[in-house]
Amino acid sequence: MLLRTVLALTLFLSLCSAYGNEIPSEINVRSSFHQKVLISNPHQLEKLGLFGTDFRSQEYLDEMLAHFWEGLEFNNYYLVFHKTLKGTSRDLSQIRSETQTLKGYIRVSKWDEKCSTYQALNYSVIKHGQGLASTLRGICGKIATAHSLKKLGLMKKPFHGAYIKENKLAEITLKRQKKKGGMTSSELALAHKKYTGKSCKIQHHVCHLDTRRIPSQQKEIIEKLAKRGIKKFIAKLYKKMNNLEQKYACSLGMISYSSEGERKFSHTEHITKVAINPRTKKIIVVTKNGMVQGDMKKTVPSHAGFNTFSIDPEKLQCYFQKSSHRAINSIYQGISLNQIESICCPL
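Residues numbered from 1 in each chain as written. Predicted model: local features only at pLDDT ≥ 70, side-chain atom pairs only at ≥ 80, totals over all residues. Heavy atoms only, no water.

J.: Quick rundown of the overall build of the protein? Include the residues and the values.
T.: The secondary structure content of the protein amounts to nine helices and 16 strands. Considering only residue pairs separated by 6 or more positions, the protein has 65% of its internal contacts joining residues 24 or more positions apart. Accessible surface, the protein as shown: approximately 17,000 Å² in total, 54% of it carbon and sulfur. (Helix = DSSP H or I, 4+ residues; strand = E, 2+ residues; numbered from the N terminus. Contact = heavy atoms within 4.5 Å. Areas by Shrake-Rupley, 256 points an atom, 1.4 Å probe, with all protein chains shown as cover.)

J.: Please set out the pairing of strand S13 (residues 283–288) residue by residue, giving values where relevant.
T.: Looking at chain direction, strand S12 (residues 263–276) and S13 are connected through five bridges and run antiparallel. Bridge pairing in S13 places Val274 opposite Val285. The hairpin turn running from S12 into S13, its antiparallel successor, is six residues long, and Lys281 in that turn takes a positive phi close to 65°. (Pairing = 2+ DSSP bridges.)

J.: Residue-level account of the nonpolar core, with values.
T.: Ile106, Leu237, Phe265, Ile271, Val285, Ile311 and Tyr332 are the most contacted members of the largest nonpolar core, which has 38 residues in total. Broken down by element, the residue count for this core peaks at six residues, all from helix H8 (residues 216–241). Apart from residues lying up to four places away in sequence, Tyr332 is in contact with Lys36, Ile106, Lys264, Phe265, Met291 and Phe320. By size, the runner-up hydrophobic cluster in this structure holds 20 residues, among which are Ile39, Leu79, Tyr105 and Leu132. (Core = buried A, V, L, I, M, F, W, Y, C linked by side-chain atoms within 4.5 Å. Buried < 20%, exposed > 50% of the residue type's maximum accessible area, 1.4 Å probe, protein only.)

J.: Report on the sheet that holds strand S11 (residues 248–257), specifying residues and quantitative values.
T.: Spatial strand order, S10-S16-S11-S12-S13-S14-S15: seven strands in an open sheet with antiparallel pairing. Each edge of the open sheet carries a strand with a single partner, namely strand S10 (201–206) and strand S15 (317–323). The average undirected angle you get between the axes of adjacent strands in this sheet is 30°. Taken strand by strand, helix H5 (residues 140–152) contacts S11, S12, S13 and strand S16 (339–346), and its axis lies near 15° from that of S12. The strands touched by H8 within the sheet are S10, S11, S12, S13, strand S14 (306–312), S15 and S16, with S10 carrying the most contacts at an inclination of about 145°. (Axes fitted to C-alpha atoms, helices over the stretch in contact; angles between N-to-C directions.)

J.: Can you tell me about a positive patch on the surface, naming the residues and giving the values?
T.: A grouping of Lys201, Arg228, Lys232 and Lys236 is seen on the molecular surface, where their side chains present a positively charged patch. The greatest single-element share of the positive patch, amounting to three residues, is contributed by H8. Here Arg228 lies in helix H8. (Patch = residues over 30% accessible without salt bridge, like charges linked within 9 Å, V, L, I, M, F, W, Y side chains within 5 Å. Salt bridge = Lys/Arg side-chain N within 4 Å of Asp/Glu carboxyl O. Lys, Arg positive; Asp, Glu negative; His and termini not counted. Charge placed at Lys NZ, Arg CZ, Asp CG, Glu CD.)

J.: How would you summarise the packing of aromatic side chains if you had to cite specific residues and measurements?
T.: By the definition in use, this model includes six aromatic pairs. Ring geometry for Phe265 versus Tyr332: centroids 4.7 Å apart, planes at 50°, classification tilted. Here the residue Phe265 occupies a position in strand S12, and Tyr332 occupies one in helix H9 (residues 326–332), the gap between them amounting to 67 residues. The buried category is assigned to Phe265, whose relative accessible area is 0%. Tyr332 gets classed as buried once you look at its relative accessible area, which sits at 0%. (Phe/Tyr/Trp six-rings, centres within 6.5 Å; stacked < 30°, edge-to-face > 60°.)

Here is the structure:
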């Protein structure tokens, strides 16, 4: 598996050189409010010296670290820290590294699974021990499928108030699905077909094409082909999402790499809207936020807000524009996407 992944990444780099110029992966986001630290091996985890401020938070931390150690073979983790909080919040259960408070963590699969998860660490989460399952796997494919099937009218009452019903999420998983948790785009398409009886259309494209490594005599040809490809990608997605005669439910898959080749983001979300900005000619894709997944069982939000992505066909750029979820927005706003895909399923 490791050799196959290394070869795939090497081929990916040599063919399209798609990695953009990103902030170094040791600390990917740094501001006066928070920083995001990459953890890809046990040494980096130990170096942080995490500790709980009381018995409850230390108990949560011990279990969380056990999950991290188990998951590091398959996942990268980004730990999001905030400056030490002042006032009465000092009395709450918190997890810290030196003077900074751990506000949440992001799990990103190193391999094929396309499902980043975000778990905020507030007092309530620590108190009730929620979200620990997300340190090992994600369920964004199930969440996206639940929203799609609701749109198509094929899943009865998948939502129970503020949450998605646990038994409905279980129904989505295919019996022959090999992975425990996340779904590939092919598995997501097959899950839809189980309900519709019709095949889904999957299309892919590379963004942020870096032509600096391409011989000058070939740059113009390659750029034209890439622009033509992304315009076809956009046209097909726009046509399906805005088709008045045929009903489609579409999902957006996306992957972002650091300059070192580490996955920073890999995810799939249900698309609610595709529109063209007539002034900038950019494509706006609005999705249901599937990164916030609760405890992945009884507290999976049925509506965690919206994420907005932008595609610029002339500049061959795709990026996370904004989120209605404050934490997701502050962490991912502006991050470039190196690979996008659409999974569109007809009724």
